[in-house]
Amino acid sequence: MSVMPVRGILLDIEGTTTPIAFVYDVLFPFARRRAVEYVKDADLTELKREHEQDVVAGTNPPPWSAGPVQYIHWLMDKDRKSTALKNIQGKIWLEGYESGELRGEVFPDVAPALERWRQSHIDVRIFSSGSVLAQRLLFSTTTAGDLTKYIKGYFDTTTGPKGDPSSYRTIADAFHIPAGDILFISDVSRELDAARSAGMQTLLCVRPGNHPQPANTHDTITSFDNVVV
Ligand SMILES: [Mg+2]
């Protein structure tokens, strides 16, 4: 897929560089298993505060007396966007990556594309809902080697929601490249819509295991091999 000349490429992770299954079949179960160990000597103040808020809100969390792990698993089952849960998962994954038990996964076409784009002097950055720390860890430990040397910047949802055009304007500013010269690749058409509204070029990435997208007008790729810039 040939696009207009680009000077920057912004990549989503889940469903784009990395199988969605890596998150659900590797990362989440790892954090779930390790929660038992983790709570033994962790600061649970934030978690307890959220538990109290859940009790007040009437969402029926397991009682705190049943142990924090029960509550952590309850949050995980509900896929809650809980700050305390994200922090706990982040710390567990950090330990897993550092010990070598976890390794980041990317599709086989990703590393060759990053090398190709570097040779073309294209500025490559990441925008993912996972924390910047988790993004760095994933790319630094892949089976294809440490890919962080190819990546000039990382953005997470502290920059803004992935469905909000203003997030992409903020990111274009950080690139110091006009939005029109940046290509955003993602598996979610709603995110591409937002990037396009901000003036970016877009490609929809269709990978095995991705969720079908509603009808849209974004060009489609199935591999970064198809991205000719
Ligand atoms: Mg994605």
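Here the residue index of a chain counts from 1 through its sequence in written order. In keeping with the model being predicted, local features are shown solely for residues with a pLDDT of at least 70 and side-chain atom pairs are shown and tallied solely at 80 or more, while totals for entire chains, interfaces and linings include all residues.

(A) Representation of the overall build of the chain. Here a helix means four or more residues in a row that DSSP labels H or I, a strand means two or more in a row labelled E, and each is numbered from the N terminus. Helix and strand counts for the chain come out as 8 helices and 6 strands. The C-alpha atoms of the chain give 19 Å as radius of gyration, which agrees with the globular expectation for 229 residues (17 Å, within 12%). Residues counted as buried form 34% of the 229 residues belonging to the chain. Note on contacts: residues are paired as contacts if their backbone-placed C-beta atoms lie within 7 Å. When contacts within the chain are restricted to residue pairs at least 6 apart in sequence, long-range pairs at least 24 apart make up 68% of them. This radius of gyration counts C-alpha atoms alone. The globule rule is 2.2 Å times how many residues there are, raised to the power 0.38. Exposed residues have 12 or fewer other C-beta atoms within 10 Å of their own C-beta, buried residues have 20 or more, and residues in between are partly exposed; the C-beta atoms are placed from the backbone.

(B) Expanded view of the domain arrangement of the chain. Domain boundaries in the chain define domain 1 (8-18 + 104-226) and domain 2 (24-99). Taking only C-alpha atoms, the centre of domain 1 and the centre of domain 2 are 28 Å apart. Only Asp, Glu, Lys and Arg are considered charged, only Ala, Val, Leu, Ile, Met, Phe, Trp, Tyr, Cys and Pro nonpolar, and every remaining residue, Gly among them, polar. The residue inventory of the side of domain 1 that touches domain 2, partitioned by class, reads 3 nonpolar, 2 polar and no charged. Reported domain spans reflect what an automatic or database domain assignment gives.

(C) Representation of helix H4 (residues 83-99) in the model. Compared with an ideal rise of 1.5 Å per residue, which puts 17 residues at 24 Å, H4 spans 24 Å between its outermost C-alpha atoms and is within 8% of the ideal. Ala84, Leu85, Ile88, Gln89, Ile92 and Trp93 are the residues of H4 that are buried. One side of H4 carries all its buried residues, which in axial view fall inside an arc of 160°. In H4, the exposed positions that point more than 90 degrees away from the buried face belong to Thr83 and Glu98. On its buried side, H4 packs onto helix H1 (20-38), helix H2 (45-57), helix H3 (68-77) and helix H6 (132-140). Just beyond H4, the residue with positive phi is Gly100, at close to 85°. Here the expected span of a helix is defined as 1.5 Å times the quantity of residues minus one. Relevant arc is that of directions from the helix axis to the C-beta atoms, nothing else.

(D) Up close: the pairing of strand E4 (residues 182-186). Burial of E4 is extensive: 5 of the 5 residues sit out of reach of the surface. Covered by surrounding structure in E4 are Ile182, Phe184 and Ser186 together with Leu183 and Ile185, the residues of both alternating faces. Across 4 bridges, the pairing between strand E1 (residues 8-11) and E4 is parallel. Looking across to E4, one finds that Ile9 is bridged to Leu183. In this analysis, strands are considered paired if DSSP registers two or more bridges between them. For E4 and strand E5 (residues 201-205), the ladder comprises 4 bridges, and the chain directions are parallel. From the neighbouring strand, Leu183 faces E5, where its bridge partner is Gln201. Where the polypeptide runs from E4 across helix H8 (residues 189-197) and back to E5, its parallel neighbour, the crossover connection is right-handed. Handedness rule for crossovers: strands pointing away from the viewer, path from the first strand over the helix to the second running clockwise, crossover right-handed.

(E) Up close: the packing of H1 against H4. Here the axes come from fitting lines to C-alpha atoms, over the contacting stretch only for helices, and the angles between their N-to-C directions go from 0 to 180 degrees. In the contact formed by H1 and H4, the axes pass within 9 Å of each other and the chain directions differ by 95°. Taken as axis vectors, H1 and H4 run roughly perpendicular relative to one another. Contact with H1, carried on its side by Leu27, Phe30, Ala31, Arg34 and Tyr38, involves Ile88, Gln89, Ile92, Trp93 and Gly96 of H4 and no other residues of that element. Roughly parallel means an angle under 35 degrees; roughly antiparallel means over 145; roughly perpendicular covers 65 to 115; every other angle is labelled oblique.

(F) Local environment of the packing of H4 against H6. It is at 10 Å that the axes of H4 and H6 come closest, and there the two elements cross at 20°. With respect to H6, the element H4 is oriented roughly parallel. Handedness of the H4/H6 crossing: left-handed. Side by side, H4 and H6 meet where Gly90, Trp93, Leu94 and Tyr97 of the first sit next to Leu133, Ala134 and Leu137 of the second. Looking at the contact of H4 with H6 residue by residue, the classes come out as 6 nonpolar, 1 polar and no charged. Note on convention: the crossing is left-handed when the near helix lies turned anticlockwise from the far helix by less than a right angle, right-handed when the turn is clockwise.

(G) Summary view of unusual backbone geometry. Of note, the phi angle at Asn60 is positive, near 60°, even though the residue is not glycine. With respect to the helices, strands and loops of the structure, Asn60 is situated in the loop between H2 and H3. Given 9 C-beta atoms within 10 Å, Asn60 falls into the exposed group.

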